[in-house]
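Take a look at the letters that make up each chain.
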Amino acid sequence: FATGVVDRTTRPDDPALRPFLDAADAGVAAVMISTVTYSRIDPKHQAVYSAKVLGLLRDRGYAGVLITDDVGAAASLRRIPVSERGWRFVAAGGDLVINVAPGLATRMIDGLRSKAAKDPSVAARVNASVRRVLTLKADLGLLRCG
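Keep in mind the model is a prediction, meaning the values are calculated, not measured.

### Structural notes on the overall build of the protein
Counting secondary structure elements, the protein contains 5 helices and 5 strands. Its C-alpha radius of gyration of 15 Å places the protein within 12% of the 15 Å reference for a compact globule of 146 residues. Per-residue burial for the protein yields a buried fraction of 40% across its 146 residues. Residue pairs in contact within the protein that sit at least 24 positions apart in sequence constitute 69% of those at least 6 positions apart. Accessible surface computed for the protein: about 8400 Å², of which carbon and sulfur atoms make up 57%. Charge separation in the protein, taken as the distance between the mean sites of 21 positive and 14 negative side-chain charges, equals 5 Å.

What follows is the structure in structure tokens.
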């Protein structure tokens, strides 16, 4: 429920990030991305909307699922239009959006669909995300066909 949390010390090569990088290297299925702003990595974007932060994993070949922390009720995201919250995460390299405010889901989905229809790079990222999420579901035995 905090607003405007800024980490002013963590750098891209910071030892504090090592557990996340090690987990990704070990093939962990999913990593949750915070809404904090890491000012020494990307001072202009919260982590969930930062290609630089998500790139710390993606650029080293992490092919697992990146999940947001809540982007529905999170006080720190109130200034971002609901219709932009999902596509901004996907555009930054994320896959699965968590939203604890069910009444906002339709606006998030509509925003993502609209952006993907207008922006081929977002559409490509949506397709990549769908593949990663369906692969994870299949690996967990949660995907049933027929």
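Having seen the structure, we can now continue with the description.
### Considering the packing of aromatic side chains
Per the stated rule, a full pass over the model turns up 0 aromatic pairs. Residue placement shows Lys115 over the ring face of Trp87; its charged tip is 4.3 Å from the ring centre.

### A short note on the nonpolar core
Counting 26 residues, the largest nonpolar core has Ile33, Tyr49, Leu54, Leu57, Leu66 and Phe89 as its most contacted members. Elements represented by at least two residues in this core include exactly α1 (18–25), β2 (30–33), α2 (51–58) and α3 (82–92). Ignoring any residue separated from it by four or fewer positions in sequence, one finds Leu54 in contact with Ile33, Ala47, Val48, Leu66, Phe89, Ala92, Gly93 and Gly94.

### With respect to the environment of Ile33
Tracing the sequence through the fold places Ile33 in strand β2. Here Ile33 falls in the buried class, since its relative accessible area comes to 6%. Between the C-alpha atoms of Ile33 and Ala63, which are 30 residues apart in sequence, the distance is 15 Å. When sequence neighbours within four positions are dropped, the list of residues in contact with Ile33 reads Ala47, Val48, Leu54, Leu57, Leu66, Ile67, Thr68, Asp69 and Phe89.

### Comments concerning the pairing of strand β4 (residues 65–70)
Within β4, 5 of the 6 residues are buried, which leaves it mostly tucked inside the rest of the structure. Of the pairings in the sheet, the one linking β2 to β4 comprises 4 bridges and is parallel in character. From the neighbouring strand, Ala30 faces β4, where its bridge partner is Val65. For β4 and strand β5 (residues 96–98), the ladder comprises 2 bridges, and the chain directions are parallel. Bridge pairing links Asp70 to Ile98 in β5. Since β4 and β5 lie parallel, the crossover through α3 that links them has a hand, and here it is right-handed.

### With respect to the packing of α3 against helix α5 (residues 120–139)
With their axes 9 Å apart at the nearest point, α3 and α5 run at an angle of 80° to one another. Judged on the interaxial angle alone, α5 and α3 are roughly perpendicular. The residues of α5 that touch α3, namely those facing Val90, Ala91 and Ala92, are Val122, Arg125, Val126 and Ser129.

### Remarks on the packing of α3 against helix α4 (residues 105–118)
Viewed as axis vectors pointing N to C, α3 and α4 meet at an angle of 55°, and their least axial separation amounts to 7 Å. The orientation of α3 with respect to α4, classified from their angle, is oblique. The two elements α3 and α4 cross, and the hand of that crossing is right-handed. Together, Val82, Ser83, Arg85, Gly86, Trp87 and Val90 of α3 and Arg107, Met108, Gly111, Leu112 and Lys115 of α4 make up the contact between the two elements. Partitioning the contact of α3 with α4 into residue classes produces 5 nonpolar, 3 polar and 3 charged.

Criteria and thresholds
- Residues numbered from 1 in each chain as written.
- Predicted model: local features only at pLDDT ≥ 70, side-chain atom pairs only at ≥ 80, totals over all residues.
- Heavy atoms only, no water.
- Helix = DSSP H or I, 4+ residues; strand = E, 2+ residues; numbered from the N terminus.
- Rg over C-alpha atoms; globule rule 2.2 N^0.38 Å.
- Buried < 20%, exposed > 50% of the residue type's maximum accessible area, 1.4 Å probe, protein only.
- Contact = heavy atoms within 4.5 Å.
- Areas by Shrake-Rupley, 256 points an atom, 1.4 Å probe, with all protein chains shown as cover.
- Lys, Arg positive; Asp, Glu negative; His and termini not counted.
- Charge placed at Lys NZ, Arg CZ, Asp CG, Glu CD.
- Phe/Tyr/Trp six-rings, centres within 6.5 Å; stacked < 30°, edge-to-face > 60°.
- Lys NZ or Arg CZ within 6 Å of the ring centre and 35° of its normal.
- Core = buried A, V, L, I, M, F, W, Y, C linked by side-chain atoms within 4.5 Å.
- Pairing = 2+ DSSP bridges.
- Right-handed = clockwise from strand over helix to strand, strands pointing away.
- Axes fitted to C-alpha atoms, helices over the stretch in contact; angles between N-to-C directions.
- Parallel < 35°, antiparallel > 145°, perpendicular 65-115°, else oblique.
- Left-handed = near helix turned anticlockwise from the far one by under 90°.
- Nonpolar A, V, L, I, M, F, W, Y, C, P; charged D, E, K, R; others polar.

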